[in-house]
Amino acid sequence: MTTPTPINNTKKKPSVRSLAKVTGLSVATISRVLNKSDNVSDKTRTRVLSALQEHGYVMNSAARALATNRTRTIGAVVPTLSYSIFSRFLNAVEQHLAELGYALVVATSDGDLKAEAKRARELLDIGTEGLILSGAMHDPALISVMQEQNIPFICTSICDNNSDMPAIGYDNTMLAEKAINYLYSQGHQDICVVHGDVKNNDRTALRLQGVKRATKALSMTTSFLEGSLDVSGGVDAAKAFMGTQDKSSACLCLSDVLALGMIFEFSRNNIRVPDDISIMGFDDLDWAMHCHPALTTIALPTIIMGKKTAQAMVHYLDKNEPIKTLALDATIIERETVRRI
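Residues numbered from 1 in each chain as written. Predicted model: local features only at pLDDT ≥ 70, side-chain atom pairs only at ≥ 80, totals over all residues. Heavy atoms only, no water.

## Remarks on the overall build of the chain
- Per the secondary structure count, the chain includes 12 helices and 12 strands.
- Whereas a compact globule of 341 residues would reach a radius of gyration of roughly 20 Å, the chain reaches 26 Å, over 25% beyond that.
- If you line up the chain on its principal axes, its C-alpha atoms span 90 × 40 × 30 Å.
- Looking at the chain as a whole, 48% of its 341 residues qualify as buried.
- Long-range pairs, those at least 24 residues apart, make up 69% of the contacts in the chain between residues at least 6 apart in sequence.
- Of the roughly 17,000 Å² that the chain leaves accessible, carbon and sulfur atoms contribute 50%.
- Charge centroids of the chain, computed over 36 positive and 36 negative side chains, lie 10 Å from each other. (Helix = DSSP H or I, 4+ residues; strand = E, 2+ residues; numbered from the N terminus. Rg over C-alpha atoms; globule rule 2.2 N^0.38 Å. Buried < 20%, exposed > 50% of the residue type's maximum accessible area, 1.4 Å probe, protein only. Contact = heavy atoms within 4.5 Å. Areas by Shrake-Rupley, 256 points an atom, 1.4 Å probe, with all protein chains shown as cover. Lys, Arg positive; Asp, Glu negative; His and termini not counted. Charge placed at Lys NZ, Arg CZ, Asp CG, Glu CD.)

Written out as structure tokens, the structure is:
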């Protein structure tokens, strides 16, 4: 048997071929370990990794991409990074992708479909193997390109089993109905619904559909206020609410940031929550349990959605498993901002 040839560390960093020589393994086996293939025994993997550490091997990702025609990189386009719900989701995606040997590249669109399509094409141009998108409303040309070229993509924060686009998320219409039914169960029959712009935001549009469906079925009185989807929008909504003769006993905010703005403004005007007005949110952001009073809201499965999205994308790319639409559940978190009347 030929004795494996030692690597001379004084000359240059080892290549795949030199690692094969020093370990006595084939180039193919070394490549499988470097690409984190499942088709390698634990003993062989340990043997190769030990050699990597001993000889200071650093894998050049560009060289690997050329050799394998794989970048092991996934792209994600979200409306913004300013809201913690997107940051929390992307953090879960990135952590799980890293565990599976992939990297994440992120771009933002500011909620504009043309901008989203442009950023998505830029991500594809740099070699991302799949795309993660928010919602199901996208530029038709972008969807056609991805479908024609068999580029995997997943729509998130939404779930529609009747669509031909794979989605991992939740039924926004049903969750809004759940919120209305909860407020009704607490004795609230006059409700003001506060929401963001519905343009290019199908999640908000679907939540409004659920609100209207539920309030009609329960013969409830509703009013609507629209504003920017941030704390300032909630402040403005509270000012508008106080400037009208609205007799609503509760405000349902279709985003927690709107609810927080309303709490701030009501407090400044000595309007007590929930004694004078109840407020319910939608998201369960990190601070929702810590604001005063603690916010009653719907907890969206953001972290689970991130993990399931990453897993589905990698299983498609590595194992050719079809990406299936997955509906995730969400729960109402009762805290202090809604009172029974």
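## Let's talk about the packing of aromatic side chains
- Counted by the stated rule, this structure contains 2 aromatic pairs.
- On the numbers, 6.5 Å between centres and 25° between planes, the contact of Tyr83 with Phe86 is stacked.
- What makes Tyr83 partly exposed here is its relative accessible area of 25%.
- A ring pair is formed by Phe241 and Phe266, whose centres lie 6.0 Å apart and whose planes are at 75°; its orientation type is edge-to-face. (Phe/Tyr/Trp six-rings, centres within 6.5 Å; stacked < 30°, edge-to-face > 60°.)

## A look at helix H1 (residues 16–23)
- All of the buried residues along H1 are Ser18, Leu19, Ala20 and Thr23.
- Close packing links the buried residues of H1 with helix H2 (27–34) and helix H3 (42–55).
- A positive phi of about 75° marks Gly24, the residue just after H1.

## So, the nonpolar core
- Core analysis: the largest hydrophobic core is formed by 46 residues, its most contacted members being Leu97, Leu183, Leu252, Met280, Ile298 and Leu300.
- Apart from residues no more than four positions distant in its own chain, Leu183 is found in contact with His188, Ile191, Ala250, Leu252, Met280 and Val338.
- Grouped together as the second largest cluster of nonpolar side chains are 20 residues, Cys192, Val194, Cys251 and Ile277 included. (Core = buried A, V, L, I, M, F, W, Y, C linked by side-chain atoms within 4.5 Å.)

## Focus on the state of the cysteines
- Enumeration over the complete set of coordinates arrives at 0 disulfides.
- Of all cysteine sulfurs in the structure, the one in Cys192 sits closest to Cys251, which takes part in no disulfide; the separation is 4.5 Å.
- By relative accessible area, which is 0% here, Cys251 ends up buried.
- The thiol of Cys291 is unpaired, and the distance to the nearest cysteine sulfur, on Cys253, comes to 11 Å.
- Here Cys291 falls in the buried class, since its relative accessible area comes to 15%. (Disulfide = S-S within 2.5 Å.)

## Section: the pairing of strand E3 (residues 130–134)
- Within E3, 5 of the 5 residues are buried, leaving the element largely enclosed by the surrounding structure.
- Neither face of E3 is open: one carries Gly130, Ile132 and Ser134, the other Leu131 and Leu133, and all of them are buried.
- Inspection of the sheet shows E3 paired to strand E4 (residues 153–156) by 4 bridges, in the parallel sense. The partner of Ser134 across the bridge, within E4, is Thr156.
- Traced from E3 through helix H7 (residues 140–148) to E4, the parallel crossover comes out right-handed. (Pairing = 2+ DSSP bridges. Right-handed = clockwise from strand over helix to strand, strands pointing away.)

## Brief notes about the confidence of the model for the chain
- For the chain, the average pLDDT comes to 89, and 91% of its residues sit at 70 or higher.
- Overall, residues 1–12 carries pLDDT values under 50, and its contacts beyond four positions in sequence, including any with other chains, amount to 12 contacts. (pLDDT = per-residue confidence, 0-100.)

## A few points about the sheet that holds E3
- Reading across the sheet, the 6 strands line up as E2-E1-E3-E4-E5-E11 and stay open at both edges, with parallel pairing between neighbours. At either margin of the open sheet sits one strand with a lone partner, and together these are strand E2 (103–108) and strand E11 (326–327).
- Bridge analysis of strand E1 (residues 73–78) against E2 gives 6 bridges, and the strand direction is parallel. Note that in E2 the partner of Val77 across the bridge is Ala107.
- Lying on the sheet, helix H6 (residues 113–125) is in contact with E1, E2 and E3; it crosses E1 at an angle near 170°. (Axes fitted to C-alpha atoms, helices over the stretch in contact; angles between N-to-C directions.)

## What about the packing of H2 against H3?
- Contact pair H2 / H3: the axes reach a minimum separation of 10 Å and the direction vectors enclose 85°. The pairing of H2 with H3 is recorded here as roughly perpendicular in orientation. Contact residues: Thr29, Ile30, Val33 and Leu34 in H2; Thr44, Arg45, Val48, Leu49 and Leu52 in H3. (Parallel < 35°, antiparallel > 145°, perpendicular 65-115°, else oblique.)

## Section: the sheet that holds strand E9 (residues 278–280)
- The sheet built from 4 strands is open, its strands ordered E7-E6-E8-E9 with parallel pairing. Whereas interior strands pair on both sides, the edge strands pair on one side only; in this sheet they are strand E7 (221–226) and E9. Averaged over all neighbouring strand pairs, the angle between strand axes comes to 20°, with direction disregarded.
- Judged from the 6 bridges that link them, strand E6 (residues 190–195) and E7 form a sheet pairing that is parallel. Bridge pairing links Val194 to Leu225 in E7.
- Of the strands in this sheet, E6, E7 and strand E8 (250–253) touch helix H10 (residues 231–242), which is tilted by about 135° from E7.

## Here we look at the pairing of E4
- On E4, burial covers both faces: Phe153 and Cys155 on one face and Ile154 and Thr156 on the other are all buried.
- Relative to strand E5 (residues 167–169), E4 is paired through 2 bridges, and the arrangement is parallel. From the neighbouring strand, Thr156 faces E5, where its bridge partner is Ile168.

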